[in-house]
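Examining the three-dimensional arrangement
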Amino acid sequence: MRASLLQIDVNEGESVESRRRRVAALVREQAGADLVVLPELWTTGAFAYDGFADEAEPLEGPTYEAMAKAASDAGVWLHAGSIPERDPEGPLYNTSLVFSPSGEPVAAYRKIHRFGFDKGEAVLMAAGEDLVTVRLPETTLGVATCYDLRFPELFRGLVDAGAETLVVPAGWPERRRAHWTLLAQARAVENQAFVLACGTAGTHAGVPQAGHSIVVDPWGEVLAQAGAGEQVLTVEFDPGKVAVTRDQFPALKDRMLGLAAPRR
Ligand SMILES: O=C(O)CCC(=O)C(=O)O
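Please read all numbers here as calculations on a predicted model, not as lab measurements.

The rules we used
- Residues numbered from 1 in each chain as written.
- Predicted model: local features only at pLDDT ≥ 70, side-chain atom pairs only at ≥ 80, totals over all residues.
- Heavy atoms only, no water.
- Helix = DSSP H or I, 4+ residues; strand = E, 2+ residues; numbered from the N terminus.
- Buried < 20%, exposed > 50% of the residue type's maximum accessible area, 1.4 Å probe, protein only.
- Polar contact = N/O pair within 3.5 Å; in protein donor to acceptor, adjacent residues only side chain to side chain.
- Near = heavy atom within 4 Å.
- Areas by Shrake-Rupley, 256 points an atom, 1.4 Å probe, with all protein chains shown as cover.
- UniProt positions renumbered as here; feature names shortened; annotations may be inferred.
- Pairing = 2+ DSSP bridges.
- Axes fitted to C-alpha atoms, helices over the stretch in contact; angles between N-to-C directions.
- Parallel < 35°, antiparallel > 145°, perpendicular 65-115°, else oblique.
- Left-handed = near helix turned anticlockwise from the far one by under 90°.
- Contact = heavy atoms within 4.5 Å.
- Phe/Tyr/Trp six-rings, centres within 6.5 Å; stacked < 30°, edge-to-face > 60°.

**Quick word on the side chain of Arg20**
- Along the chain, the position of Arg20 falls in helix H1 (residues 16-28).
- Owing to a relative accessible area of 8%, Arg20 belongs among the buried residues under this scheme.
- Of note is the side chain of Arg20, whose polar atom sits 2.7 Å from the side chain of Glu17.
- A distance of 3.0 Å separates the side chain of Arg20 from the side chain of Thr63, its partner in a polar contact.

Following this line, the structure appears as structure tokens:
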């Protein structure tokens, strides 16, 4: 299976509209890949909180339209990263979109763990509640977004729902790049799954981005990692390695569920 992670440079020098056109063209150039992955909030920037309300789109807004068309033009499965979604009821969500090679929407995932503690996304957006998996011909994707990477129970839930390839669009800051690489490998090893984690490059809202998008195999080996700048990271991998790893080193079968709290 061939996957291309598009590590987009997100900065204020480029308008959202122009970036959308540029990214659609980049997706089209990936014809021949099976799966293309974009980062989190690449239209606005994950830290450009001031723009969330103005740039928020309905689910089937301009980014949806452009990405559905780009996926079908390229004939690829497209994880189109996430958009600031404005729900008709009012709240904003950080919502990832997945399209089939014919441009059909196959999944929308609203980020469950919002980042920022008492500010930013954590107060401006509502939390999603549902785990999302997507069946592809070669593998089942489990989707998560950026800060979700710190919450292993979410990924275990995805694995229990059948996920074999964990896709994580992000806008991870350079300051915590070491955590990014470490957590991507940890999620791969503990879940015996591929991890495809696609970040952004550049600086927006004064926050330099980590880049260093990464693909990790179910044994924790890094198959490919990008540098800091805008880059297309293309990797070939064998989805069958998940079943082989889980069969030959069946640690997932040794899970002890429902452990009791310590006695006092
Ligand atoms: O967890 C982190 O260090 C970064 C998370 C983040 O930037 C996000 O979720 O937007």
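**As for the site of the ligand**
- With respect to spatial proximity, the complete set of residues near the ligand consists of Glu40, Phe47, Lys111, Phe115, Cys146, Tyr147, Arg150, Gly171, Trp172, Pro173 and Arg176.
- The separation between an oxygen atom of the ligand and a polar side-chain atom of Glu40 is 3.4 Å.
- Interatomic distance of 3.0 Å between a backbone N/O atom of Tyr147 and an oxygen atom of the ligand.
- Look at the ligand: alone it shows 300 Å² of surface, and the protein chains cover 99% of it.

**Things to note about the UniProt feature "domain: CN hydrolase" (unreviewed entry) in the protein chain**
- UniProt's entry tags residues 1-239 with the feature "domain: CN hydrolase" (unreviewed entry), counted in the numbering of this structure.
- Helix and strand shares over residues 1-239 are 26% and 28% respectively, and the end C-alpha atoms of the span are 7 Å apart.

**Remarks on unusual backbone geometry**
- One non-glycine residue, Cys146, adopts positive backbone phi at about 45°.
- Counting through the fold element by element, Cys146 comes out in the loop between strand S7 (140-143) and helix H5 (152-160).
- Classification of Cys146 as buried rests on a relative accessible area of 7%.
- Of note, the phi angle at Gln192 is positive, near 50°, even though the residue is not glycine.
- Tracing the backbone shows Gln192 in the loop between helix H6 (177-191) and strand S9 (194-198).
- For Gln192, a relative accessible area of 4% translates into the label buried.

**Structural notes on the sheet that holds strand S1 (residues 2-7)**
- Pairing is mixed across the open sheet formed by six strands, whose spatial order is S5-S4-S3-S2-S1-S14. Each of the sheet's edge strands pairs with one partner strand only, and the pair in question is strand S5 (105-110) and strand S14 (231-236). For this sheet, the mean inter-axis angle between neighbouring strands, taken without regard to orientation, is 25°.
- Relative to S14, S1 is paired through six bridges, and the arrangement is antiparallel.

**Here's the deal with the packing of H1 against helix H3 (residues 62-74)**
- It is at 8 Å that the axes of H1 and H3 come closest, and there the two elements cross at 20°. Considering their axes alone, H1 and H3 lie roughly parallel with respect to each other. In the packing of H1 onto H3, the handedness of the crossing is right-handed. Side by side, H1 and H3 meet where Arg20, Val23, Ala24, Val27 and Arg28 of the first sit next to Pro62, Thr63, Ala66, Met67, Lys69, Ala70, Ala71, Asp73 and Ala74 of the second.

**Points about the sheet that holds strand S8 (residues 165-169)**
- Within the open sheet, the six strands sit side by side as S6-S7-S8-S9-S12-S13. Their pairing is mixed. In this open sheet, the two edge strands, each paired with only one partner strand, are strand S6 (133-135) and strand S13 (222-225). Taking the axes of each pair of neighbouring strands and ignoring which way they run, one obtains an average angle of 15° across the sheet.
- As defined by bridge partners, S6 adjoins S7 across three bridges and the pair is classed as antiparallel. Residue pairing for S7: Val134 is matched across the bridge by Leu141.
- Contacts from H5 reach S6, S7 and S8 within the one sheet, and its direction differs from that of S8 by about 140°.

**Quick word on the environment of Leu41**
- Looking at the secondary structure, you find Leu41 in the loop between strand S2 (35-37) and helix H2 (49-55).
- The exposure class assigned to Leu41 is buried, which follows from its relative accessible area of 1%.
- Residues contacting Leu41, with those up to four places away along its chain left out, are Ala46, Phe52, Ser82, Ile83, Pro84 and Asn94.

**Here we look at the packing of aromatic side chains**
- Applying the stated criterion across every chain yields a total of eleven aromatic pairs.
- With 5.0 Å between their ring centres and 65° between their planes, Phe115 and Tyr147 make a pair best called edge-to-face. Here Tyr147 lies in the loop between S7 and H5 and Phe115 lies in the loop between S5 and helix H4 (121-124), a separation of 32 residues in the sequence.
- Residue classification places Phe115 among the buried positions, given a relative accessible area of 17%.
- Between the aromatic rings of Trp219 and Phe249, the centroid separation amounts to 5.5 Å while the plane-to-plane angle is 90°, which identifies the pairing as edge-to-face. Pair noted here: Trp219 is in the loop between strand S12 (214-216) and S13 and Phe249 is in the segment after helix H7 (241-248), with a separation of 30 residues, a long-range link.
- Here the aromatic residues Phe47, Tyr49, Phe52, Phe115, Phe117, Tyr147 and Phe151 are joined through ring pairs into a cluster of three or more.

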